[in-house]
Amino acid sequence: MLLQLFAPAAVVAAGAFAAGSLLADAAQAAATAPAGSYAWLAQCLQFGGLGTAATMLAHSCWRLWRWERGREPQCPCGGLLSRPQRSRHGRRRRCLGCRRPQPET
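This structure is a prediction, so every number in the text was calculated from the model and none was measured.

**Comments concerning the overall build of the protein chain**
Move 1: In terms of helices and strands, the protein chain carries two helices and three strands.
Move 2: Here the C-alpha atoms of the protein chain give a radius of gyration of 20 Å, more than 25% beyond the 13 Å that 2.2 N^0.38 yields for 105 residues.
Move 3: Referenced to the eigenvectors of the C-alpha coordinate spread, the extents of the protein chain come out at roughly 60 × 30 × 20 Å.
Move 4: Relative to its full complement of 105 residues, the protein chain shows a buried share of 22%.
Move 5: In the protein chain, the proportion of contacts linking residues at least 24 apart, taken out of those at least 6 apart, comes to 38%.
Move 6: Of the roughly 7,100 Å² of accessible surface on the protein chain, a fraction of 62% belongs to carbon and sulfur atoms.

**Some details on the pattern of salt bridges**
Move 1: Applying the stated rule across the entire model yields three salt bridges.
Move 2: A salt bridge links Arg63 to Glu72, with the nearest nitrogen and oxygen atoms 3.4 Å apart. Accessibility classification places Arg63 together with Glu72 in one group, the buried group.
Move 3: For Glu72, the salt bridge goes to Arg66, with nearest N and O atoms at 3.0 Å.

**Things to note about the sheet that holds strand S1 (residues 85–87)**
Move 1: Here we have three strands laid out as an open sheet, ordered S1-S2-S3, and antiparallel in their pairing. With partners counted over all chains shown, the strands left at the sheet margins are S1 and strand S3 (101–103), one partner each. Shown here is a sheet whose adjacent strand axes are inclined to one another by a mean of 50°, direction ignored.
Move 2: With three bridges connecting them, strand S2 (residues 90–94) and S3 associate as antiparallel partners.

**Quick notes on a nonpolar patch on the surface**
Move 1: On the surface, a nonpolar cluster with roughly 330 Å² of combined accessible area is contributed by Tyr38, Trp40 and Leu41.
Move 2: Summarising the element assignment, Trp40 is placed in helix H2 (residues 35–68).

**Description of the side chain of Gln102**
Move 1: Counting through the fold element by element, Gln102 comes out in strand S3.
Move 2: Those residues in contact with Gln102, other than ones at most four positions away along the chain, are Cys75, Pro76, Leu81, Arg92 and Arg93.

The rules behind these values
- Residues numbered from 1 in each chain as written.
- Predicted model: local features only at pLDDT ≥ 70, side-chain atom pairs only at ≥ 80, totals over all residues.
- Heavy atoms only, no water.
- Helix = DSSP H or I, 4+ residues; strand = E, 2+ residues; numbered from the N terminus.
- Rg over C-alpha atoms; globule rule 2.2 N^0.38 Å.
- Buried < 20%, exposed > 50% of the residue type's maximum accessible area, 1.4 Å probe, protein only.
- Contact = heavy atoms within 4.5 Å.
- Areas by Shrake-Rupley, 256 points an atom, 1.4 Å probe, with all protein chains shown as cover.
- Salt bridge = Lys/Arg side-chain N within 4 Å of Asp/Glu carboxyl O.
- Pairing = 2+ DSSP bridges.
- Axes fitted to C-alpha atoms, helices over the stretch in contact; angles between N-to-C directions.
- Patch = residues over 30% accessible without salt bridge, like charges linked within 9 Å, V, L, I, M, F, W, Y side chains within 5 Å.

Put into C-alpha cells, the structure is as follows:
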C-alpha cells in the first residue's frame with residue numbers, strides 16, 4: 001500500500017533528474033547552440049519536477065495521516081482506498097491493500 005502511495009512521487013523525481021541531466025549533457029555537446037539557455041532550461045526542468053514530486057509526496061503523506069486517524073474512506077479490510085475512477089460499472093475506488101473494487105459512496 002505504501003509503495004502505491006509513494007512510488008509516483010519517486011518516479012516523477014527520478015524522471016525530472018534524468019531529463020534535466022540529459023538536457024544539460026545535450027547543451028554541452030551542442031557547440032553551435034547557446035549553452036546558457038539549455039542549462040537554464042535543464043535547471044528549471046529539474047526544479048519543477050522536484051517541486052512536483054515534493055507536492056505529490058506531501059499529498060501522499062497527508063492522505064496516510066488522515067487514513068491513520070480514520071478520516072479517509074476505508075475498505076472493509078482496513079486498507080486505504082484509491083481516488084475514484086470511472087469504469088463501466090460506474091465510479092469506483094480500489095483498495096490499496098487488497099485491490100478489491102469498492103463502490104463510490
